[in-house]
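# Close look at the chain arrangement
Listed below, chain by chain, are the residues.
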Amino acid sequence: MEYLQSLQKGGFNFDNCHRNNLLIESNAVKPTVKKTGTTIVGVTFKDGVVLAADTRATSDTTVAEKNCAKIHYLAPNIYCCGAGTAADCEHVTGGNTHFGSDH
């Protein structure tokens, strides 16, 4: 816990600026960007958690569904976010909501 409290809170961190400039000057091979298709973010704050996700379900470069739910209810105060095969996530979370309501 002490380690977590020692971490910088908020703001930008420019620790890598010098390293990045050296890499640019040395003509190092630049890393490539890999697009995975889904954006899911979770942020914690003093009183809780905020989850956010895009709503598009894609198949390669085709948008298969423009309004796909990627944040799934499991039980009171328990949600999960799904990326990847949307149908699998729907099936798994749907089954777990029934299990969670029994306990």
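Here the residue numbers are simple positions, counted from 1 along each chain's written sequence. Per-residue local features of the predicted model are confined to residues with pLDDT of at least 70, and side-chain atom pairs are confined, for both listing and counting, to 80 or more; whole-chain, interface and lining totals are unaffected and use all residues. Side-chain measures here rest on the full set of heavy atoms in the structure, leaving out hydrogens and waters.

Turning our eyes to something else, we now look at the overall build of the protein. Numbering goes from the N terminus for both helices and strands, where a helix is a DSSP run of H or I of at least four residues and a strand is a run of E of at least two. From N to C terminus, the protein includes three helices and six strands. Helices (α) and strands (β) of the protein occur, in sequence order from the N terminus, as α-α-β-β-β-β-β-β-α. Think of it in three bands: with a 1.4 Å probe and only protein chains considered, a residue is buried below 20% of the maximum accessible area for its type, exposed above 50%, and partly exposed in between. Out of the 103 residues belonging to the protein, those deemed buried represent 11%. To measure how exposed things are, a 1.4 Å probe is used in the Shrake-Rupley method; for residues, cover is taken only from the protein chains shown. Summed over its atoms, the accessible surface of the protein is roughly 9200 Å², and 56% of this surface lies on carbon and sulfur atoms.

Take the pattern of salt bridges next. What makes a salt bridge here is a side-chain nitrogen of Lys or Arg within 4 Å of a carboxyl oxygen of Asp or Glu, nothing more. Tallied over the full model, the rule gives one salt bridge. One salt bridge in this structure joins Asp54 and Lys70, with 2.8 Å as the shortest N-O distance. Of this pair, Asp54 sits in the loop between strand E2 (48-53) and strand E3 (57-59) while Lys70 sits in the loop between strand E4 (62-65) and strand E5 (71-75), and the two are 16 residues apart along the sequence. Of the residues examined, Lys70 reaches a relative accessible area of 7% and is grouped as buried.

Pairing of aromatic rings covers Phe, Tyr and the six-membered ring of Trp, with a centre-to-centre limit of 6.5 Å; geometry is then stacked below 30 degrees between planes, edge-to-face above 60, and tilted otherwise. Under the definition given, this model contains one aromatic pair. For the pair Tyr73 and Tyr79, a centre-to-centre distance of 5.5 Å together with 75° between the ring planes defines the contact as edge-to-face. Residue classification places Tyr73 among the partly exposed residues on the basis of a relative accessible area of 41%.

Per-residue confidence for the protein gives a mean pLDDT of 75; residues scoring 70 or more make up 71%. Per residue, pLDDT measures the predictor's confidence, with a range of 0 to 100. When pLDDT is averaged over each element of the protein, E2 comes out on top at 90 and helix H3 (residues 86-101) at the bottom at 60.

Pairs of strands are assigned from DSSP output, requiring at least two bridges between the strands. Where E5 and strand E6 (residues 78-81) come together, four bridges link them in antiparallel fashion. Looking across to E6, one finds that Tyr73 is bridged to Tyr79. Between the end of E5 and the start of E6, which pair antiparallel, lie two residues, with Asn77 showing a positive phi angle near 70°.

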